[in-house]
Amino acid sequence: MFNTLLVDISLLTLVVVVAIAVVEVRNLLSAIMLSGIYSLLMALIWQNMNAVDVAFTEAAVGAGISTVLLLGTLLHTERLTKIGSRVNWGALLVVVVTGSFLIYGTLDMPDLGDPSAPIHNGRVVQQLGQRVGKIDHEGVHMPWQFNSMTEESVPHPDEEHPWAEYFAEEYGTQLPAHEPAAERVHGHPLDDFMGHSPNTVTSLLAAYRGYDTMYETAVIFTAGMSLVLLLRRRSEVRA
Amino acid sequence: MSFLGSFAGTYNYAIYIVLMMVGFYGVIAKKNLIKQALGLGLFATGIFLYYISIGVYKGGTAPVWTIIDEVGVLKNPGPYDNPLSHVLILTAIVVSVSTLAVALALIVNIQRAYGTIEEDEIRAIEAGEHPEEEEVA
Amino acid sequence: MKEQVVLRVITKLLVPCMLILGGYVITHGELGPGGGFQGGVILAAGFILYGIVFGKRDLHRVLPRRATDAGAALGVMIYAGTGLWCVLRGGRFLDYAVLPAVDTGAAEALGMTLVEYGVGLTVCTVMITIYDMISEEADA
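Residues numbered from 1 in each chain as written. Chains lettered and ligands numbered in written order. Predicted model: local features only at pLDDT ≥ 70, side-chain atom pairs only at ≥ 80, totals over all residues.

### Let's talk about the overall build of chain C
Heads up, the condition is: Strands are runs of DSSP state E lasting at least two residues, helices are runs of H or I lasting at least four, and both sets are numbered from the N terminus onward. Burial is judged by counting other C-beta atoms within 10 Å of a residue's own C-beta: 20 or more means buried, 12 or fewer means exposed, and anything between counts as partly exposed, with every C-beta placed from the backbone.
When helices and strands are tallied, chain C shows five helices and zero strands. Going from N to C terminus, chain C has its helices and strands arranged as α-α-α-α-α. For chain C, the spread of C-alpha atoms along the three principal axes comes to 60 × 30 × 20 Å. Relative to its full complement of 140 residues, chain C shows a buried share of 45%.

Below you can see the structure in the form of structure tokens.
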């Protein structure tokens, strides 16, 4: 327990220090290199939080492609920023006020990893078949057998769990009513839409959130084409 | 006091907010356009970190099953972290780098048009070239 | 940069491994961490490394601009085409359960694999296009 806390605290401290350095350093080449380090530290933090797909993507995209693009831009411009005033006090005041309001807003959030948080007890979790991960030879397990919410211990609304009343009357402790229909359409008694793919993140990305991914691919395509349109004149002259 | 009690459990969100605010400061306080693009990237990554941290399950593992055989028996029991937050952030990361690429292309065009990428020098050039517009505005 | 021996030899060793790794990550996205986005970026990194060390002319000889432009559009069309194929087979748009396979679980896996290939193609070609547009030759 103490070891993971030590790793967490040291990684977060490093990330904050590198972030401040990226913003404050005068040489742009150093700032770009530090942003690559920042992306790599972020990938480590996400790996520490068991978000392996996100860590993979951030390491490839943030520390790889983003650094290359920024260095390519630096070829066109100068390396040193102008020396201005050291600290912009107005901007610092705005940032501190905004940050304090946001931190005050996060005091209501559930603790990190709290098993009774709304995200682990809502409808999506039941649809996803969090229960599917718990199938063994005894049969299908219900989600409340694997988190702190048992049938007897549905949290009552109090000042610690003000959201409990909403969830109790919306979802209760039963499975959602649409589940037999899903079994009929997809023929899978075990899950709704996952097929045979062990990577739940990919199956969510491609099947449950398929529309999002399609339009997001279109966004990437649009970014590529807008690059061609913005920078075409010089390349045509060159070619 | 309950204020401090809840803060002891949610202090990690405060650190993520600090990261976001460092990026925000970079966007609004710096005059160099590339610095502003870097600050925007910091802000975005801080938001991704916040979003992923709300899906963490205590004692949970990565949401990847190890083995499925024909009857659906899995060899990796135990609670999983919620994969929905990972999915939304995956697309957000790639979209963020595409946006960064478009911003850098605009910066290259600004450099070709004005010869500089410092914001105050660009304003001075604009004011010098169009003094009548400056009086109207 | 191609007159430096170390860079040239290391690039010739690394680029095939990177391309194979990119294809592997795209294809095995369902079995482990990975998928279209990650694999597409790794594929693009292989081509970009070749372009940095050997110059843009060699990169355009290997992968002409028309190919990358066509590839970007083709990736989106593969994705939407899979959805339309599901409609033509009687299901809803992007409802992979009706594709031709052994059972509905395998049909959904087939749909997801096709879709990931489309995403990987688009991401790879767009990253190469972005690098191509932004960087310029050092001696030009």
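### Some thoughts on the environment of C:D58
Residue and element names in this part refer to chain C. Within the secondary structure, D58 is located in helix α3 (residues 56–62). We classify D58 as partly exposed; it has 13 C-beta atoms within 10 Å. Sequence separation of D58 and G105 is 47 residues, and the distance between their C-alpha atoms is 44 Å.

### Brief notes about the interface of chain C and chain B
In many reports, interface size means the accessible area that the parts give up when they come together. Short version of the rule: What counts as a contact is two residues whose backbone-derived C-beta atoms lie within 7 Å of each other. Only Asp, Glu, Lys and Arg are considered charged in this grouping, and only Ala, Val, Leu, Ile, Met, Phe, Trp, Tyr, Cys and Pro are considered nonpolar; every other residue, Gly among them, is considered polar.
Taken together, the seven residues of chain C in the interface contact seven residues of chain B. Broken down by element, the side of chain C that touches chain B gets its largest block of residues, four residues, from helix α5 (residues 104–134) of chain C. Looking at the side of chain C that touches chain B, its residues break down into six nonpolar, one polar and no charged.

### Focus on the interface of chain B and chain A
Contacts between the two partners involve 77 residues from chain B and, on the opposite side, 79 residues from chain A. The set of elements that each furnish at least two residues to the side of chain B that touches chain A consists of α1 (2–29), α2 (33–53) and α3 (83–114) of chain B. A total of 22 residues in the side of chain B that touches chain A trace back to one element, the largest contributor, which is α3(B).

### Brief notes about the packing of helix α4 (residues 65–88) of chain C against α5(C)
Residue and element names in this part refer to chain C. Our working rule: Here, axes are lines fitted to C-alpha atoms. For helices the fit covers the stretch in contact, and angles between N-to-C directions go from 0 to 180 degrees. Under this scheme an angle from 65 to 115 degrees is roughly perpendicular, one under 35 degrees roughly parallel, and one over 145 degrees roughly antiparallel; angles in between are oblique. Left-handed describes a crossing whose near helix is turned anticlockwise from the far helix by less than a right angle; the clockwise case is right-handed.
It is at 8 Å that the axes of α4 and α5 come closest, and there the two elements cross at 160 degrees. It follows from the interaxial angle that α4 and α5 lie roughly antiparallel. The chirality of how α4 crosses α5 is left-handed. Seen from α4, the contacting residues are T68, G71, A72, L74, G75, V76, I78, Y79 and T82; seen from α5, they are G111, L114, V115, Y117, G118, V119, L121, T122, T125, V126, I128 and T129. Looking at the contact of α4 with α5, its residues break down into twelve nonpolar, nine polar and no charged.

### Observations regarding the environment of C:T11
Residues and elements named next belong to chain C. The residue T11 is located in helix α1 (residues 5–27) in this model. Judged by C-beta crowding, with 18 C-beta atoms within 10 Å, T11 ranks as partly exposed. Separated by 109 residues in sequence, T11 and G120 place their C-alpha atoms 23 Å apart. When sequence neighbours within four positions are dropped, the list of residues in contact with T11 reads L49, Y50 and V53.

### Considerations on helix α9 (residues 210–230) of chain A
Inclusion rule: Multiplying one less than the number of residues by 1.5 Å gives the expected span of a helix.
Helix length check: α9(A), at 21 residues, gives a terminal C-alpha distance of 30 Å against a target of 30 Å (1.5 Å per residue), a fit within 8%. Along α9(A), the residues classified as buried are A:G210, A:T213, A:M214, A:E216, A:T217, A:I220, A:F221, A:A223, A:G224 and A:L227. In this structure, the buried side of α9(A) is in contact with α8 (200–208) of chain A, α3 of chain B together with α4 and α5 of chain C.

### A closer look at the nonpolar core
For the record, the criterion: Buried Ala, Val, Leu, Ile, Met, Phe, Trp, Tyr and Cys residues form a nonpolar core when they are connected through C-beta atoms within 7 Å.
With 115 residues, the main nonpolar core has B:L104, C:V41 and C:M127 as its most contacted residues. Top element by residues in this core is α5(C). It accounts for 16 residues. Not counting chain neighbours up to four residues away, the residues in contact with C:M127 comprise A:I65, C:V41 and C:A44.

### Observations regarding unusual backbone geometry
Phi angles above zero are rare outside glycine, and A:N50 is one such case at about 65 degrees. Among the structural elements, A:N50 can be located in the loop between α2 (28–48) and α3 (52–74). A positive phi is found at C:L94, a non-glycine position, where the angle reads about 60 degrees. Along the chain, the position of C:L94 falls in the loop between α4 and α5.

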